[in-house]
Amino acid sequence: MKWYQLDVERIEQKLHVTANRGLTDKQVEQRRKQYGENVLEAQKQTSRWLIFLKQFQDFMVLVLLAATLIAGLLGEYIDAIAIMVIVLVNGVIGFFQEQKAEKSLEKLKELSAPMAHVLRNGHWEKISSRDIVIGDIVRLQSGDRVPADLRIVQSSSLETEESALTGESLPVTKHATAITADELDPQDQANMGFMGTMVTRGSGIGIVVGTGMDTVMGQIASLMVNTKKLPTPLERKLAELGKILIFVSLILTALVVILGVIQGHQIYHMFLAGVSLAVAAIPEGLPAIVTVALALGVQRMIRRKAIVRKLSAVETLGCASVICSDKTGTMTENKMTVKEIYVNGNHLYVTGDGYDTRGDYFLGERKVNEEHPNLESMLLYGMLCNNSSLQVKKGKYLVDGDPTDGALLIAARKMGISASEGERYRVVKELPFDSDRKRMSVVVEDDNQMRFLVTKGAPEVLLPRCSFHVQEHGRQVMKEQDKGRIEQAINHMANKAMRTLAIGMKPLSKEDSLDAPLLENDLTFFGLYGMIDPPRKEVKPAIEECRQAGIKTVMITGDHVKTARAIAENLNILPENGKVLEGRQLNQMSVSELEDIIDDTYVFARVTPEHKLKIVKAFQQRGHVVAMTGDGVNDAPAIKASDIGISMGRSGTDVTKEASSLILMDDNFATIKSAIKEGRNIYENIRKFIRYILASNVGEILVMLFAMLLALPLPLVPVQILWVNLVTDGLPAMALGMDKAEGDSMRRKPRDPKEGVFANGLGYRIVTRGFLIGTVTLITFMLAYQDNPDNLIYAQTVAFTTLVMSQLIHVFDCRSEHSVFARNPFENMYLVMAVLSSLLLLLVVIYWEPLQPIFHTTALSLRDWMLILVFGSLPSVLFGFNTKRR
Ligand code: ATP
C-alpha cells in the first residue's frame, strides 16, 4: 500500500502519532537518530588541504618558487629560505581569509534556512525544516515551501505548485481523502504534499511520511539545487581589470629586468628581483580580497538584522535610488488595535491600547454595552471569520496569527465575548484571505445546524456585494444613499490613518452549494471596524536619512487610499505636490504611461501584488535602481524583477524569501536603510583598499624602474619587496576593509551602477600617490647612496624604510574621499593596530641583528628617520590641502 491509498487513521497507526497532538519529544529524538536530518545530501565540501594548496597555484608564485629553488641550488640559502617562508606565510593568511569568508557565508545559509510549523506535544511550534522527522504533523500556509513529503489530512482550498518536481507550473488542488488507484505518479497523488514544492493558496495540515533523501525530491538527484557561487558584478569587473593589470605589471617588470641587465646587473639577480616584483605588484588577489570584504560586510549586516542572500546584493544596495516598501509591518508596527466601530449608522469609540483586553465602547460620552443593537453580533462575526488566536504569556495577551484578525478578537473581548462563545459554532468551509481578494469568508454552523456565511474584508470590496444592511430596527435593503453614508464613514476613519474592515453575513440553507461562485454575494452589511497601526518610531528618521542620501521612499499598501495618505503624511513620505495612485488607476495604465508620472508618485494604495511588478518596471525604465519589499507568495515576481528584492524574516513566506536577495530579520523599514548604508560602506571600503594596494604597487614598480633608468644599483632586494607585499599590503589593507563609513556617505547621491571602480578620481589618486611614493623612495635612496656610496645595504635600508613608511602614512589618506586630514586617524583602531604591528615588524627587521643579513638591512640613525619621515609623508600630505572630493 502507498501512503496516498491509506486513510488518515491507518497512517496515524502506522506512524504512531495522532494528528491532533503530534509527536512527543522522545519520539522525535528517537526518529532523528534513526532517520537523520531532513536535508538533501549536502554537496561535497572542498577539502581544507585543497583550499590551502590553491593559495599557491598562481602562476607568478610558482615562477617565484622555481626561481627560489634555483637560488637555493646556487647556494643563496638565506635568500631562498626567507622567500619560501614569506610565500608560505602569505599562503596561510590567504587560507584563513578564505575560511573566514566561507564560514560567514555558511552562517548566512543557516540563518536563511526555511522554517516549518509542526505540532508536537499538543502545541504548535516553529522549527527549522531540517529538524522535521517522520510522523510530524505540519501546518501549511500559502507561501510555504513544503518541508518534507506529507500525506495531507486537512485541506482548506490548499493548492501547491509542483513544477520543481513535475515541470507543471499550474497549481494542483490538494484534498485529504484516500485514493484507491494504483501506481500513481506524484502529480496525480492529490492528497500528498511533496518536499520542495510551493503552497500557492489556502492552508492545510499533513503528516510527514518521508524526509531528506527518502522524499520524491531526494530521489531526483539531478534536480538538486546547484549552489555554485556566482561571482558578483564587482568581482567580475575586477577579474577583468586584474588581467589588464597583470599585463601592465608584467611589461613593466620585464622592462625593469631588461634595463637592469643592460645596465650591467647580473641576469640571475635581475631575474629574481623581477619575479619578486611581479609577485608583489600583480594584484592577482584582488577579486579574492573583494570576496573577503563582501563576506565581512555581510557579517556586519547580520548584526544590523539584515541577511544578505546573494553576495551581489551588497554591491547593488549602494546603488539603490528608490525603496518601494510595504506599509503594514514594515513601516508600521503591525500591532492593530480597533479604535472605532461603525454600526447602525453610529460611530462608537473603543478605548484601550495594543493587545490589552481592557477597554470600553463609547457613543459620544455615553458608555455602551452588549445591548447596543447589532454590536454583539458584529463582534461575534468578527471572531468567527478569523484565523488567529489569543495566548497569554506572563499575564499579557499575545496574538498568534494575523494581527488584523487578532485586533478583532481583542475588540470582542472588550465587550466580554470570549473564545468559548465561538465554540458553539463549527466552521464548515473557509475561503482564505489574500491580498488580491482582500476579503475572507467562513461558512459556519451553529448548535441547531443553522448555517450562515460571514465575510470580512476591504469595504470597497464588500460594499458592492451587499444587498442589505442592518439598522436598529432590523435588516433593510441597501439603497444608494445608504452606501453613500457608509462611504462617508469609511472616509472618516481612513482620514484618521485607520485601516478599515467591513463585515457582512448571509444566512444559508443546507442545500446551498458551498462552491458556488456567487457565494460571497447578496450579503447583509453589519458594520465597519477602524483600526490603528502605529508607525514604527525609527521609520520617520530613516526615511529622512534616505532622502538626504538621494533615495526616494515609496509606500505601497493594500489599504484604503485615505489611510495610506494619512500615514504617508505622518511619516513625511509625501511632499506637497506628491501623487497618490490607486490600484484601479494602475489597471488602466500601461507601463510607459506610468513611467511618465512615477517620479512624482510617492504612495500606491489599494494595490494588489500584481501591481508591484508594473511599479518596479516603470521605475527601472526611468533608470532607477529599485529595492522592493514583499511578504506574500504573489509578491515574488516583483521581488525577483527588482534590483534588490527584500523579504520579511518574520512574516515573510518561504517563496518570497527565496526570491529575495535581502531578508529583514525584524521586518523593519529602518533596517533597509541600515543595509543600504552598510552596502555603500562596503563598496567604499573595497575602493579604499584597491586604492591603497594599487598605489603601493605603482610605487614599488616605479622605484625599481626609475633606478634602472638612472643606471643606479637595485634600490630594493627581492626579500624586501616580498616583505613589503606581505606586511604592509596585508594587515593595513584588511583593516581598511573594517573601516567605518565617512561622515557624509549618506549625504552623497546613490552610486551609478554603470560607474567603474576607478570613478570619482580614484584612478587619478592611485596614479599620483603611487608616482610620489616611488619618487620619494628613489630620492631617499639616492641621497643615502650619495652620502655613503660604499654601503649599498644602508641605502637599500633607507629606501625600504621610506617605501614602507610612505605606505603606512598613505593608508590613512585612503580612508577619505577628501584628504588625509579629513578624518580622525584613531577612529579605526584596527587600522592603527595594523599599522603599529607593521611598524614593529619593520623595526625588528632593521634593528634585530639576526634578521639583518636575511633582509639585507642595517640599523638606521635618528637623522635617517627624520629624512624618511619627511619624504615618506609627502605623497599623502601634498594633496592633503585640497579637500575637494575627487
Ligand atoms: P501593506 O501593503 O500596507 O503591508 P497589505 O498589502 O498587507 O498592507 P493587505 O493585507 O493586502 O494589505 O490588506 C488590504 C486590505 O484587506 C486591508 O485594508 C483590509 O481592509 C483587508 N484585510 C486585511 N487583512 C484582512 C483579513 N485578515 N481578513 C479580511 N480582510 C483583510
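Calculation rules
Residues numbered from 1 in each chain as written. Predicted model: local features only at pLDDT ≥ 70, side-chain atom pairs only at ≥ 80, totals over all residues. Heavy atoms only, no water. pLDDT = per-residue confidence, 0-100. Contact = heavy atoms within 4.5 Å. Helix = DSSP H or I, 4+ residues; strand = E, 2+ residues; numbered from the N terminus. Buried < 20%, exposed > 50% of the residue type's maximum accessible area, 1.4 Å probe, protein only. Near = heavy atom within 4 Å. Polar contact = N/O pair within 3.5 Å; in protein donor to acceptor, adjacent residues only side chain to side chain. Nonpolar A, V, L, I, M, F, W, Y, C, P; charged D, E, K, R; others polar. Domains from an automatic or database assignment. Axes fitted to C-alpha atoms, helices over the stretch in contact; angles between N-to-C directions. Parallel < 35°, antiparallel > 145°, perpendicular 65-115°, else oblique. Left-handed = near helix turned anticlockwise from the far one by under 90°. Phe/Tyr/Trp six-rings, centres within 6.5 Å; stacked < 30°, edge-to-face > 60°. Lys NZ or Arg CZ within 6 Å of the ring centre and 35° of its normal. Patch = residues over 30% accessible without salt bridge, like charges linked within 9 Å, V, L, I, M, F, W, Y side chains within 5 Å. Areas by Shrake-Rupley, 256 points an atom, 1.4 Å probe, with all protein chains shown as cover. Salt bridge = Lys/Arg side-chain N within 4 Å of Asp/Glu carboxyl O.

## Quick look at the confidence of the model for the chain
Then step 1. On average, residues of the chain score 87 in pLDDT, and 95% of them are at 70 or above.
Then step 2. Taken as a whole, residues 222-228 scores under 50 in pLDDT and shows eight contacts with residues more than four places along the chain or in a different chain.

## Examining the environment of C385
Then step 1. Looking at the secondary structure, you find C385 in the loop between α12 (375-384) and β14 (389-393).
Then step 2. With a relative accessible area of 0%, C385 lands in the buried category.
Then step 3. Separated by 70 residues in the primary sequence, C385 and T455 have C-alpha atoms spaced 6.9 Å apart.
Then step 4. Non-local contacts of C385, meaning those with residues more than four positions away in its chain, are made with D405, M440, S441, V442, V454 and K456.

## Focus on the site of the ligand
Then step 1. Taken together, the neighbourhood of the ligand is formed by 21 residues, with T328, S435, T500, T557 and D559 sitting nearest.
Then step 2. One of the backbone nitrogen or oxygen atoms of K327 is found 3.4 Å away from an oxygen atom of the ligand.
Then step 3. The backbone of T500 places a nitrogen or oxygen atom 2.8 Å from an oxygen atom of the ligand.
Then step 4. Counting residues per element, the shell around the ligand draws most heavily on strand β21 (residues 499-508), which supplies three residues.
Then step 5. Classifying every residue of the shell around the ligand by side-chain character gives five nonpolar, seven polar and nine charged.
Then step 6. Counting only domains with at least three residues in the shell around the ligand, you end up with domain 4 (306-332 + 537-667) and domain 5 (337-532).

## Considering the packing of helix α25 (residues 718-736) against helix α28 (residues 829-847)
Then step 1. Here α25 crosses α28 at 165 degrees, and the two axes come no closer than 7 Å. In terms of their interaxial angle, α25 and α28 are classed as roughly antiparallel. Two packed elements cross with a definite hand, and for α25 against α28 that hand is right-handed. In this structure, α25 contributes W723, V727, L731, P732, A735 and L736 to the contact, and α28 contributes Y830, L831, A834, S837, S838, L841, L842 and V845.
Then step 2. When grouped by side-chain class, the residues that make up the contact of α25 with α28 number twelve nonpolar, two polar and no charged.

## Quick notes on the side chain of Q189
Then step 1. Secondary-structure assignment places Q189 in the loop between β5 (172-173) and β6 (192-193).
Then step 2. Looking at Q189, the relative accessible area reads 9%, which means it is buried.
Then step 3. Dropping the residues within four chain positions of it, Q189 is found in contact with Y4, K174, I179, L184 and F194.

## A few points about unusual backbone geometry
Then step 1. Phi angles above zero are rare outside glycine, and E183 is one such case at about 50 degrees.
Then step 2. Residue placement: E183 occurs in the loop between β5 and β6.
Then step 3. Non-glycine residue D522 carries a positive phi angle of around 60 degrees.
Then step 4. Mapped onto the elements of the fold, D522 is located in the loop between β21 and β22 (523-532).
Then step 5. Residue D522 is classed as partly exposed on the basis of its relative accessible area, which comes to 47%.

## Points about the packing of aromatic side chains
Then step 1. Applying the stated criterion to the full structure yields eight aromatic pairs.
Then step 2. With a centroid separation of 6.1 Å and an interplanar angle of 80 degrees, the aromatic rings of W49 and F52 are classed as edge-to-face. Remark: F52 and W49 occur in helix α3 (residues 48-54); sequence separation between them is three residues, near one turn of the helix.
Then step 3. Judged by its relative accessible area of 18%, F52 is buried.
Then step 4. Among the aromatic residues, those joined into a cluster by ring pairs are Y381, Y425, F452 and F526.
Then step 5. It is R475 that lies over the ring of F468; its NZ or CZ is 4.0 Å from the centre.

## So, a nonpolar patch on the surface
Then step 1. A contiguous nonpolar surface patch, about 570 Å² in accessible area, is contributed by Y77, I78, I81, V85, V89 and I93.
Then step 2. With relative accessibility at 55%, the residue I81 sits in the exposed group.

## Here we look at the pattern of salt bridges
Then step 1. All told, the structure shown has 43 salt bridges when counted by the stated rule.
Then step 2. One salt bridge in this structure joins E183 and K2, with 3.6 Å as the shortest N-O distance. Placement of the pair is E183 in the loop between β5 and β6 and K2 in the segment before α1 (8-15), with a sequence separation of 181 residues.
Then step 3. Assessed through its relative accessible area of 62%, E183 is described here as exposed.
Then step 4. Judged by its relative accessible area of 34%, K2 falls in the partly exposed class.
Then step 5. Note that D326 and K612 form a salt bridge whose closest N and O atoms lie 2.8 Å from each other. Linking D326 in strand β9 (residues 322-326) with K612 in helix α21 (residues 609-621), this pair joins segments that are 286 residues apart in sequence.
Then step 6. Among the residues examined, K612 registers a relative accessible area of 4% and is labelled buried.

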